[in-house]
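# Secondary and tertiary structure notes
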Amino acid sequence: MDEQRFYIIDFDSTFTQVEALDELARISLKNNPGREAIYKKIEDYTNLAMEGKLSFSESLAQRVKLLEATEEDLKKLIKHLKKKVSKSFSRNAAFFKKHADEVLIVSGGFKEFITPVVSQYHIKKENIYANTFITNGDGKIIDYDHANPLSEEGGKVKLLQNLNLKGNLYGIGDGYSDFQLRESGLIKKFFAFTENIARESIISKADHITPSFDEFLYVNNLPRAISYPKNRILCLVIGNVPQESIALLKKDGFSIRHKTEFEEKYVKDVGMLILADGERIEKEKLQRAAKLKTIGYLGNARNKFSIETCNNMGIVVFDDPKDNPRNVSFIPKRVIDFMNKGTTYLSSNFPSIQLPALEKSHRLIHIHQNVPGIMAQINTAFAKHDINIVAQFLMTKDNIGYAITDINTQYDKTLFKSLKKIEHTIKFRVLY
């Protein structure tokens, strides 16, 4: 029998995109003429503690002293934080509901604002461990409970020692206090969460770097909203591509490499290509890029690479034949939309189809040669595996057939083999 697992998750800059005390300061000091200098002091105290350069207890005491916050400010903060839950945690809400008994929020933050935020995700109140504020009769925050171990240096270690949980413990966080759990031997693995902030001093100590919660679920073979984390998809940017274009791709979570040329070491693994105007790709190199799904060309792609090869390999091409200046953002957005939804709208070589966003379903993409009878074979495969189809789309262009099927069941991977074996299949992909 497998040992029980527990997931120890940090709150600030992990479960949420921000540091809550920093955000509280921006609310409580809004009308203070010296607010910018105070904000900076609070942020400095936060970073020094997260990097292990200042004791957590000293950092916490100094920050609370500077806040000048009230219970009314806390209400505003809670409303703000509910909109700032990290995207990869938000889309995997089903995981928290299913594993409510095993998920613990352990934070040096405060229950007053943590509990209302994480409770929306079915995390039990008794599994939320954090500090608590002390207020006076007027509702002003004047201090915090110094008897709480989480207010002290090494507080997370002390707390877990007291809890004495039996099983395999996994820690997910962005700061030094999270690493201390691994250093103490209390957790099996420490996952450095970098979706919101990447602290080099912490990353170097981690068992695994985790750019998203999807990545954590993937490597631990746990149920997740998307089948393959976007941070594992290599997006190779080649040539003089504007930073605005690259920023859009980074923001969406892809693994970016910006190079002056299509280096041989990337050919085997590249999933996306963004090419500056004037760049070319040799046909032989393109043929060996087996994982390549899409090319975004910031200009007219004609005669820059083999479109025929792209068709034969199921590679969707987006370019701008009119060389419009808007392609700086237009082309990356088209590529991102294809990777996220399967949309081929305004592709230069594929059937042009706009697809809705997907919720509570899996999206399967089947690219094939445009010959009669393919859809019948696809649907026969679904029927044999008792798959319930939510929606289905099919478009053709010249010799390419593009079929998208949304299903609402937990899929069986033998289904994939059946779909890949269909004659005239070019490429099959599970989008989610």
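So, a few notes on the structure that sits alongside this text. Given the structure is predicted, the values throughout are model-derived calculations rather than measurements. (Residues numbered from 1 in each chain as written. Predicted model: local features only at pLDDT ≥ 70, side-chain atom pairs only at ≥ 80, totals over all residues. Heavy atoms only, no water.)

Moving on, we come to helix 5 (residues 71–81). When helix 5 is considered as a whole, its buried residues turn out to be Asp 73, Leu 74, Leu 77, Ile 78 and Leu 81. In an axial view of helix 5, the angular spread of the buried residues amounts to 140 degrees, which keeps them on one side of the axis. Opposite its buried face, helix 5 presents the exposed residues Lys 75, Lys 76 and Lys 79, each directed more than 90 degrees away. Looking at the buried positions of helix 5, the neighbouring elements they touch are helix 1 (11–15), helix 2 (20–28), helix 8 (111–118), strand 4 (133–135) and strand 5 (141–144). (Buried < 20%, exposed > 50% of the residue type's maximum accessible area, 1.4 Å probe, protein only. Helix = DSSP H or I, 4+ residues; strand = E, 2+ residues; numbered from the N terminus. Arc of directions from axis to C-beta. Contact = heavy atoms within 4.5 Å.)

Pairing is parallel in the open sheet, where 6 strands are placed in the order 3-2-1-6-7-8. If you trace the sheet from one side to the other, it starts and ends with strand 3 (128–131) and strand 8 (208–210), each paired once. If you compare each strand with its neighbour and ignore which way they point, the axes differ by 20 degrees on average. Pairing of strand 1 (residues 5–9) with strand 2 (residues 103–110) involves 3 bridges; the strand directions are parallel. In the sheet register, Ile 8 faces strand 2, and the bridge partner there is Leu 104. Each of strand 2 and strand 3 is contacted by helix 4 (residues 56–67), which is oriented at about 60 degrees to strand 2, the strand it contacts most. Packed on one face of the sheet, helix 8 meets strand 2 and strand 3 and runs near 145 degrees to strand 2. (Pairing = 2+ DSSP bridges. Axes fitted to C-alpha atoms, helices over the stretch in contact; angles between N-to-C directions.)

Looking now at the sheet that holds strand 12 (residues 294–298). Here we have 5 strands laid out as an open sheet, ordered 10-9-11-12-13, and parallel in their pairing. Edge positions in the sheet fall to strand 10 (255–259) and strand 13 (316–318), since each of these pairs with one other strand and no more. Sheet twist, expressed as the average angle between the axes of neighbouring strands with direction ignored, equals 15 degrees. Each of strand 9 (234–238), strand 10, strand 11 (270–276) and strand 12 is contacted by helix 13 (residues 243–251), which is oriented at about 155 degrees to strand 10, the strand it contacts most.

On to the nonpolar core, then. Among the nonpolar cores identified, the biggest contains 50 residues, and Phe 11, Phe 15, Phe 96, Phe 113, Phe 133, Phe 213 and Phe 216 are the most heavily contacted of them. No other element matches the 5 residues that helix 3 (residues 35–50) contributes to this core. Sequence-distant contacts of Phe 15, defined by excluding residues within four places in its chain, comprise Ile 9, Asp 10, Val 85, Ser 86, Phe 89, Phe 96, Ile 105, Val 118, Tyr 121 and Ile 123. In this structure, Ile 233, Phe 254, Ile 274 and Ile 336 belong to the second largest nonpolar core, which totals 29 residues. (Core = buried A, V, L, I, M, F, W, Y, C linked by side-chain atoms within 4.5 Å.)

Following the sequence through the fold, Phe 262 ends up in the loop between strand 10 and helix 14 (264–267). For Phe 262, the residues in contact, after removing those within four places along its chain, are Leu 236, Ile 238, Val 267, Val 270, Leu 273, Ile 281 and Lys 285.

Further remarks concern the packing of aromatic side chains. Two numbers describe a pair of aromatic rings. These are the distance of the centres and the angle of the planes. Scanning all chains against the criterion turns up 29 aromatic pairs. Look at Phe 110 and Phe 113: their rings are 6.2 Å apart centre to centre, the planes differ by 55 degrees, and that puts the pair in the tilted class. The burial state of Phe 110 is the same as that of Phe 113; both residues are buried. Where Phe 350 meets Tyr 402, the ring centres are 5.6 Å apart and the plane angle is 80 degrees; that geometry is what we call edge-to-face. Within this pair, whereas Phe 350 is found in the loop between helix 17 (327–341) and strand 14 (362–369), its partner Tyr 402 is found in strand 16 (residues 400–407), the two being separated by 52 residues in sequence. Both residues of the pair, Phe 350 and Tyr 402, count as buried. For Arg 26, the ring lying beneath its charged end belongs to Tyr 39, and the centroid distance is 4.3 Å. For the cation-ring pair, Lys 205 lies above Phe 179, with the distance from its terminal atom to the ring centre recorded as 5.7 Å. (Phe/Tyr/Trp six-rings, centres within 6.5 Å; stacked < 30°, edge-to-face > 60°. Lys NZ or Arg CZ within 6 Å of the ring centre and 35° of its normal.)

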